[in-house]
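# Structural characterization, general
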Amino acid sequence: YNNDFYLDSSPSLTTNRRFSYFIEGVDDSGNSAVSDTVTYKLISKQQLTYPSNGSYNDSLSLSLCWQKSGFVSKFRVLVFDSEHEYLWHRDIDVAFEGDFFKVSLPSNLLSGYSSDLIYWRVDAFDWDFELGIMVGSESLERVAYVNAGKRDK
């Protein structure tokens, strides 16, 4: 087999459905061992709506917006600097009403910030009662340029 990874691209891998795997290791002599079964469940990726990817924004009033997709009980909004180093996050518990969400960055988050680029994404989570764990997904990451008054509009 000689594979360091396995990519499951079968059509049965859909959101909100559990799927399980185990690993069988085999050495050159044919000896083998089988791992415990690991079960996963993914939920829908969230739809980021604002700012658009690659847009320029005023960092003093930057808000991040997204549309809820599927069943979600918690969001985690994450912001990274131009080197993908963690800058900030916010956890948001989700009520069942509403499909559109917005969070404003703290006004001092980007003050004195030497780069004009940030990365952001929204992770979504929901409790799976049968598995007894939070299941989730990461949205596609976006780039936003922030000017902090450095650029002419």
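So, here's what we can say about the structure. (Residues numbered from 1 in each chain as written. Predicted model: local features only at pLDDT ≥ 70, side-chain atom pairs only at ≥ 80, totals over all residues. Heavy atoms only, no water.)

For D4, the location among the structural elements is in the segment before β1 (18-21). Residue D4 is classed as exposed on the basis of its relative accessible area of 80%. Here the alpha-carbon distance between D4 and R18, two residues 14 residues apart in the chain, equals 23 Å. (Helix = DSSP H or I, 4+ residues; strand = E, 2+ residues; numbered from the N terminus. Buried < 20%, exposed > 50% of the residue type's maximum accessible area, 1.4 Å probe, protein only.)

Moving on to unusual backbone geometry. Glycine aside, the phi torsion of most residues is negative, and most peptide linkages are trans. Residue P51 is reached from Y50 by a cis peptide bond, and omega for that bond is -5°. Structurally, P51 is set in the loop between β5 (47-50) and β6 (55-57). Although it is not a glycine, H84 adopts a positive phi angle of roughly 65°. For H84, a relative accessible area of 40% gives the class partly exposed.

The next point concerns the environment of F71. Along the chain, the position of F71 falls in the loop between β7 (63-67) and β8 (74-80). Exposure remark for F71: the relative accessible area of 60% places this residue in the exposed category. The spatial distance from the C-alpha of F71 to the C-alpha of A124 is 9.1 Å, given a sequence separation of 53 residues.

So, on to the pattern of salt bridges. This model, assessed by the stated rule, comprises four salt bridges. Here the residues in one salt-bridge network are K74, R76 and D91, joined through shared partners. (Salt bridge = Lys/Arg side-chain N within 4 Å of Asp/Glu carboxyl O.)

Bringing the packing of aromatic side chains into the picture now. Any two aromatic rings considered together are summarised by their centre-to-centre distance and by the angle between their planes. Enumeration according to the criterion identifies four aromatic pairs in this entry. Aromatic pair W66 and F101: ring centres 5.9 Å apart, planes at 15°, arrangement stacked. Remark: F101 occurs in strand β10 (residues 100-104) and W66 occurs in strand β7; sequence separation between them is 35 residues. The class for W66 is buried, based on a relative accessible area of 0%. You can call F101 buried: its relative accessible area is 17%. Look at F75 and F101: their rings are 4.9 Å apart centre to centre, the planes differ by 65°, and that puts the pair in the edge-to-face class. With a gap of 26 residues between them, F75 in strand β8 and F101 in strand β10 connect regions that are remote in the sequence. The residues F75 and F101 share a single accessibility class, namely buried. Three or more aromatic residues link up through ring pairs in this structure, and these residues are W66, F75 and F101. (Phe/Tyr/Trp six-rings, centres within 6.5 Å; stacked < 30°, edge-to-face > 60°.)

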